[in-house]
Amino acid sequence: MTSSSPDLSLQIGSLQMKNPVMTASGTFGYGVEYAELFDMSKLGAVVIKAATMKPRVGNPPPRIAETPAGMLNAIGLQNPGADAVISEKLPQLAEYDVPVIVNLSGESVDEYVQLAEKFSACGQVDALELNISCPNVEHGMDFGTRPELTAELVGKVRAASDLPLITKLSPNVTDITEIAVAAVDAGSDALSVINTLLGISIDVERRRPLLGNVTGGLSGPAIKPVALRCVWQVYEQVDVPIIGVGGIMNTRDALEFIMAGASAVAVGTATFVNPTASVEIVAGLQQYFAEHDLPDLGALVGAAHP
Ligand SMILES: Cc1cc2nc3c(=O)[nH]c(=O)nc-3n(C[C@H](O)[C@H](O)[C@H](O)COP(=O)(O)O)c2cc1C
């Protein structure tokens, strides 16, 4: 054991995080729902559900289907709209000593820019995460599957906001590194890798797709090897912090992502199974770093690379 506790802090632009564990957008509501279960200030950051300009009711039900080692969701970005998120949700979150990252989803470049301006001006947000990878709405992945569109979007949002900018990438592409490089070259301070994988489940009695939206996003342990591969590839091509996301259920999973090249991790589906998974991972990482005499996070990031 080391005599002093390991330093797990990290910085993304002006965002200072005390440890690398955050929540994955859409799996932690607006944070306050979990405040009774654990001390949210123990987390590195809270990423809230996607906000859109106008309120969205989401997709028709059923919107969730269980799959082997995972789940399909087609929520469809249900949210009360940016103004309500700012006036109703963020003030509640401000009571907790934890950085807040808002996940933005627009239908056009202009809409992303307006969202970025709104949330930057509200003074209640520490970073923006651009969701250019939602498989559950029409055109939700357009900006995340074509590098020239990624570059245009990130560049315009970058010009509109001084907040740290994280771009969330889709695995539903041939070469994720092309999109990663486009986002970083256009000014993204960090990358979230990955959003869900596009999938389908069929109800064999009804002989129809199980989800009302037909397709949904696959998440959970089933996608972990794919997410790790994406983090690995992106790490070899860009020089900004990567937030690893996809099937992280426990400390061991989080360590795999860090060794593959992630500087931070986001916990998603695990929270549905175990609402305190994210804080348990914070404690587990602290223990691992101490037991292995690792002085700080940087000592392990990308350690599995040759
Ligand atoms: C029910 C549900 C809702 C989600 N909503 C969003 C969202 O609003 N914005 C976003 O960028 N990702 C969203 N995601 C994707 C997660 O943030 C995460 O990238 C993905 O689930 C993979 O991580 P996991 O396997 O740990 O869940 C959602 C995932 C689930 C399961």
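Placed above this text is the structure.
Here's a quick rundown of the structure. Predicted model, so just to flag it, every value in this text is computed and none were measured.

Regarding the overall build of the chain
The number of helices and strands found in the chain is 9 helices and 16 strands. For the chain, the C-alpha radius of gyration of 18 Å lies close to 19 Å, the compact-globule estimate for 306 residues. If one aligns the C-alpha atoms of the chain with their principal axes, the spans along those axes are about 60 × 45 × 40 Å. Within the chain, the fraction of its 306 residues that count as buried is 52%. Taking the intrachain contacts of the chain between residues at least 6 apart in sequence as the baseline, contacts between residues at least 24 apart amount to 72%.

Quick notes on the sheet that holds strand β5 (residues 64-67)
Judged by pairing direction, the sheet is antiparallel, and its 4 strands sit side by side in the order β5-β6-β14-β11 without closing on themselves. Both outer strands of the open sheet, β5 and β11 (197-200), are each paired with one neighbouring strand and no more. Neighbouring strand axes in the sheet, compared pairwise and without regard to direction, differ in orientation by 40° on average. In the sheet, β5 pairs with strand β6 (residues 70-73) via 4 bridges, with the strands oriented antiparallel. Looking at the pairing, Glu66 lines up with Met71 of β6.

Here's the deal with the site of the ligand
Contacts to the ligand come from 25 residues, most closely from Ala24, Gly26, Ala50, Ser219 and Gly268. The residue inventory of the shell around the ligand, partitioned by class, reads 9 nonpolar, 14 polar and 2 charged.

Topic: helix α4 (residues 147-160)
The first and last C-alpha atoms of α4 sit 20 Å apart over 14 residues, in line with the 20 Å expected at 1.5 Å per residue. Among the residues of α4, those classed as buried are Thr150, Ala151, Leu153, Val154, Val157 and Arg158. Residues of α4 that are buried sit in contact with α2 (109-121), β8 (127-131), α3 (142-145), β9 (165-169) and α5 (176-185).

Let's talk about the nonpolar core
Core analysis: the biggest nonpolar cluster contains 101 residues, and Val46, Leu128, Leu191, Val193, Val231 and Ile243 have the highest contact counts within it. Broken down by element, this core gets its largest block of residues, 7 residues, from helix α6 (residues 224-235). Among all residues touching Val193, those that are not within four sequence positions of it are Leu169, Ala227, Cys230, Val231, Val234, Ile242, Ile243, Gly244 and Val245.

Description of the packing of helix α7 (residues 251-260) against helix α9 (residues 277-291)
For the pair α7 and α9, the least separation of the axes is 9 Å and the interaxial angle reads 65°. The chirality of how α7 crosses α9 is right-handed. Residue-level contacts link Thr251, Ala254 and Leu255 of α7 to Ile281, Gly284, Leu285 and Tyr288 of α9.

The rules behind these values
Residues numbered from 1 in each chain as written. Predicted model: local features only at pLDDT ≥ 70, side-chain atom pairs only at ≥ 80, totals over all residues. Helix = DSSP H or I, 4+ residues; strand = E, 2+ residues; numbered from the N terminus. Rg over C-alpha atoms; globule rule 2.2 N^0.38 Å. Buried ≥ 20, exposed ≤ 12 C-beta atoms within 10 Å, placed from the backbone. Contact = placed C-beta atoms within 7 Å. Pairing = 2+ DSSP bridges. Axes fitted to C-alpha atoms, helices over the stretch in contact; angles between N-to-C directions. Near = placed C-beta within 6 Å. Nonpolar A, V, L, I, M, F, W, Y, C, P; charged D, E, K, R; others polar. Expected span 1.5 Å × (residues − 1). Core = buried A, V, L, I, M, F, W, Y, C linked by C-beta atoms within 7 Å. Left-handed = near helix turned anticlockwise from the far one by under 90°.

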